[in-house]
Amino acid sequence: MATIGLYADPLVYDVLHSPGTAQDLDGLLRIAARFAPGGAPGPARRRPRWLEAACGTGRYLRAAQRRGIDVVGFDLAPAMVAYARSRLVRGDAGLGRGRVVVADMTRFARALGGRRFDLAFNLINTFRHLPDDRAALAHLREVARVLRPAGVYALGITLNLYGEEVAFAERWEGRRGACHVRQTVRYVPPGSRSQVRARIERIESRLVVRRGRRVERHASEYPLRSYDHGQWHALLARSPLRVVAVVDERGRAAEENPGEYQIYVLGRRGRAG
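Keep in mind the model is a prediction, meaning the values are calculated, not measured.

Caption draft 1: Looking closely at the overall build of the protein. Scanning the protein from terminus to terminus reveals seven helices and 11 strands. What you see for the protein is a C-alpha radius of gyration of 19 Å, in line with the 19 Å of a compact globule of 273 residues. Overall, the C-alpha framework of the protein stretches about 55 × 45 × 30 Å when taken along its three principal axes. Looking at the 273 residues of the protein, the share that counts as buried comes to 51%. The contacts in the protein between residues at least 6 apart in sequence include a share of 66% that link residues at least 24 apart. When the accessible surface of the protein is summed, it comes to about 13100 Å², and 50% of that surface belongs to carbon and sulfur atoms. Counting 47 positive and 27 negative side-chain charges, the protein places the centres of these two groups 6 Å from one another.

Caption draft 2: Geometry of the nonpolar core. Among the nonpolar cores identified, the biggest contains 35 residues, and L51, F127, L140, Y153 and W232 are the most heavily contacted of them. Within the residue set of this core, elements represented by two or more residues are β1 (49-53), β2 (70-75), β4 (117-122), α5 (133-146), β5 (147-158), α7 (229-237), β10 (241-247) and β11 (261-268). Ranked by residue count, the leading element in this core is α5, at seven residues. Setting aside anything within four residues of it in sequence, one finds F127 in contact with M105, N122, A136, H139, L140, L155, I157, Y227, W232 and L235. Counting residues in hydrophobic clusters, the runner-up holds 28 residues, among them L28, A32, W50 and L119.

Caption draft 3: Examining the environment of F121 more closely. Within the element layout of this structure, F121 appears in strand β4. Note on F121: relative accessible area 1%, which makes it buried. Along the backbone, F121 and G151 are 30 residues apart, and their C-alpha atoms lie at a distance of 11 Å. If sequence neighbours within four positions are ignored, F121 has contacts with L28, W50, L51, E52, A53, Y60, L61, Y153 and A154.

Caption draft 4: Up close: the sheet that holds strand β3 (residues 98-102). Spatially, seven strands are ordered β3-β2-β1-β4-β5-β11-β10 in an open sheet, and the strand pairing comes out mixed. The open sheet has two free edges, formed respectively by β3 and β10, since each of these has just one partner strand. Within the sheet, the average angular offset between the axes of one strand and its neighbour, ignoring direction, is 20°. Relative to β5, β4 is paired through five bridges, and the arrangement is parallel. What sits directly across from A120, in β5, is Y153. α5 contacts β1, β4, β5, β10 and β11 of the sheet and is inclined by roughly 145° relative to β5.

Caption draft 5: Inspection of the environment of N125 at higher detail. Its location among the elements puts N125 in the loop between β4 and α5. Placed 137 residues apart in sequence, N125 and Q262 show a C-alpha to C-alpha distance of 9.5 Å. Not counting residues within four places of it along the chain, the set of residues in contact with N125 comprises G156, I157, T158, L224 and Y261. Only 2.8 Å separates the side chain of N125 from the backbone nitrogen of T158, close enough to count as a polar contact.

Caption draft 6: Representation of the pairing of β5. The buried count for β5 comes to nine of 12 residues, which makes it a mostly enclosed element. The parallel pair β4 and β5 is bridged by α5, and the resulting crossover is right-handed. Relative to β11, β5 runs antiparallel, the two sharing seven bridges. In the strand pairing of β11, L155 is matched with Y264.

Caption draft 7: Representation of the sheet that holds strand β7 (residues 179-188) within the structure. Sheet architecture is open: four strands sit in the order β6-β7-β8-β9, paired in antiparallel fashion. For this open sheet the edge positions go to β6 (168-176) and β9 (214-225), each flanked by a neighbour on one side alone. The average undirected angle you get between the axes of adjacent strands in this sheet is 15°. Sheet topology note: the β6/β7 ladder contains nine bridges and is antiparallel. Its bridge partner being in β7, R175 is matched across the sheet by H180.

Caption draft 8: Broad picture of the pattern of salt bridges. All told, the structure shown has 21 salt bridges when counted by the stated rule. In this structure, D133 engages R225 in a salt bridge whose closest nitrogen and oxygen atoms are separated by 3.0 Å. Highlighted residues: D133 in helix α5 and R225 in strand β9, separated in sequence by 92 residues. Salt bridges sharing partners connect three or more residues here, namely D9, R211, R214 and E216.

Parameters at a glance
Residues numbered from 1 in each chain as written. Predicted model: local features only at pLDDT ≥ 70, side-chain atom pairs only at ≥ 80, totals over all residues. Heavy atoms only, no water. Helix = DSSP H or I, 4+ residues; strand = E, 2+ residues; numbered from the N terminus. Rg over C-alpha atoms; globule rule 2.2 N^0.38 Å. Buried < 20%, exposed > 50% of the residue type's maximum accessible area, 1.4 Å probe, protein only. Contact = heavy atoms within 4.5 Å. Areas by Shrake-Rupley, 256 points an atom, 1.4 Å probe, with all protein chains shown as cover. Lys, Arg positive; Asp, Glu negative; His and termini not counted. Charge placed at Lys NZ, Arg CZ, Asp CG, Glu CD. Core = buried A, V, L, I, M, F, W, Y, C linked by side-chain atoms within 4.5 Å. Pairing = 2+ DSSP bridges. Axes fitted to C-alpha atoms, helices over the stretch in contact; angles between N-to-C directions. Polar contact = N/O pair within 3.5 Å; in protein donor to acceptor, adjacent residues only side chain to side chain. Right-handed = clockwise from strand over helix to strand, strands pointing away. Salt bridge = Lys/Arg side-chain N within 4 Å of Asp/Glu carboxyl O.

Below you can see the structure in the form of structure tokens.
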């Protein structure tokens, strides 16, 4: 029996997270079509260009490529970047171009070489790995630098309801060939006054990977930065981005609902619409 970490093994990560990619991409396409002129595939001569922050294994990038979108992604982990690069499609004129680079969430604009994007996106609460407001604002400023004037940033986040939340668990599962991955994740929201002041939600992960007869197990904990409704909007007010819309995972219009996972569509201040 071996012990591994989810993010340390790109194949395991990709197998676990790939289910649902097509549906998530459909949601991003709806967001691009509605809020980012030129951001969705169509009869226009220019291909849309999308950016994924903290792209991991690039599953969304691959799916978008197949829709004729030019994609760029970045991640801090070199192993993830190498895996994502290896899976991008090259040399097919009917598909979008693809590029993945190593970069930090708070410093990436220079690594993108001056490229500008119709749609940037960051889903599944990855933004909350940024440890404090300073890092979060640095990230939002970098996003604003790389968006086209009419571009938008689709940021998926769950806002906290301090004092009303209870711990809960979710199970994720994926299979590819002989590799079967199962993860149980327990979310422990801030409970005491000191935990609320610290703004830390604790995540407990239990991972089981089966490759034929070989079984690998891993147990880990990590923090996510917590935001309630007021903290979230106070952060955005200090940033160069503003809320254009709030949508659900499928890109459908929604009312703000703290405690539920939602996607905030953000645009540069001063943009029309």
